[in-house]
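Topology and contacts: notes
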Amino acid sequence: MMVEITVFDRQAGESRVHRFSRAPVQIGRDPGAEICLPHAFVSSRHAVVSFADERAELVDLGSTNGTFYAGRPLPPNWPLAIPEEVVVSIGRIELRIRHLTGTAEDAAALAQIHAVMRRLRPLHVALQEAQASLSAAYQAAIAEIPNDRRALAEVMIAREMPECEG
């Protein structure tokens, strides 16, 4: 059995689709979660989806702001059965969770891909933080250059360190 979870951010209007062949699927703000939702209204370990054979369920892990199903908050640590498909929300995030059928080969490939993604996710988070720090440092450094030399400084820095372009 496989589960597909579509994450839809109502504010940004963006969707991402995730497929899992192995449970549990952790959902939360923690960068190590299989579905990382880096928003203040999401708890670090917000919820988990478990599945085996033909059964699947979602459990809110006692999150601060809750998980909502049909407009009502799910009781903490109480399993919500997922018959074929359910839609729940966490703040402005909508999660559409559904069962998929696939071959054992598909499941193995997805498991391998998700293992790689779990290894890369902390590095990706660190890269994003480093890029933000670099951009801030670049802006501060350029502000120190006199206005009449700023264009020259920007060209020289861009030639030597293109990732600094700000």
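Residues numbered from 1 in each chain as written. Predicted model: local features only at pLDDT ≥ 70, side-chain atom pairs only at ≥ 80, totals over all residues. Heavy atoms only, no water.

1. Describing the pairing of strand S5 (residues 47-52)
Two faces make up the sheet, and in a regular strand the side chains alternate between them. Just so we agree on the cut-off: Strand pairing is assigned whenever DSSP detects at least two bridges linking the two strands. Numbering of helices and strands runs from the N terminus, with a helix taken as a DSSP run of H or I at least four residues long and a strand as a DSSP run of E at least two residues long.
Bridge count for strand S3 (residues 25-28) against S5 is 3 bridges, and the pairing is antiparallel. Within the sheet, the bridge partner assigned to Gln-26 lies in S5 and is Val-48. Two elements, S5 and strand S6 (residues 55-60), share 6 bridges in a ladder whose sense is antiparallel. Paired with Ala-47 across the two strands is Asp-60, which belongs to S6. Between S5 and the antiparallel strand that follows it, S6, lie 2 residues; Asp-53 among them carries a positive phi value of about 50°.

2. Details of the side chain of His-18
For clarity, the threshold we go by: Working definition: with a 1.4 Å probe on protein chains only, accessible area under 20% of the residue-type maximum means buried, over 50% means exposed, and in between means partly exposed. We call two residues in contact whenever any of their non-hydrogen atoms come within 4.5 Å of each other.
Mapped onto the elements of the fold, His-18 is located in strand S2 (residues 14-20). With relative accessibility at 10%, the residue His-18 sits in the buried group. Setting aside anything within four residues of it in sequence, one finds His-18 in contact with Val-3, Glu-4, Ile-5, Val-7 and Ile-35.

3. What about the sheet that holds S5?
Reading across the sheet, the 5 strands line up as S4-S3-S5-S6-S9 and stay open at both edges, with mixed pairing between neighbours. The open sheet has two edge strands with one neighbour each: strand S4 (35-36) and strand S9 (79-81).

4. Quick word on the nonpolar core
Spelled out, the test is: In these notes, a set of buried Ala, Val, Leu, Ile, Met, Phe, Trp, Tyr and Cys residues joined through side-chain atoms within 4.5 Å is what counts as a nonpolar core.
Among the nonpolar cores identified, the biggest contains 23 residues, and Ile-5, Ile-27, Val-49, Leu-58, Leu-95 and Ile-97 are the most heavily contacted of them. Contributions of two or more residues to this core are made by strand S1 (2-9), S3, S5, S6, strand S10 (85-90) and strand S11 (93-100). Once you skip the residues sitting within four places of it in the chain, Leu-58 turns out to touch Ile-27, Ala-47, Val-48, Val-49, Thr-67, Leu-74, Trp-78, Pro-79, Leu-80, Ile-82, Val-88 and Ile-97.

5. Focus: the pairing of S3
With burial as the criterion, each face of S3 is covered, one bearing Val-25 and Ile-27 and the other bearing Gln-26 and Gly-28. Pairing of S3 with S4 involves 2 bridges; the strand directions are parallel. Opposite Ile-27, over in S4, you have Ile-35 as the bridge partner.

6. With respect to the sheet that holds strand S8 (residues 72-73)
Spatially, S2-S1-S11-S10-S7-S8 is the arrangement adopted by the 6 strands of the open sheet, whose pairing is antiparallel. Looking along the sheet, the strands with just one partner apiece sit at the ends: S2 and S8. Bridge count for S10 against S11 is 6 bridges, and the pairing is antiparallel. What sits directly across from Val-88, in S11, is Leu-95.

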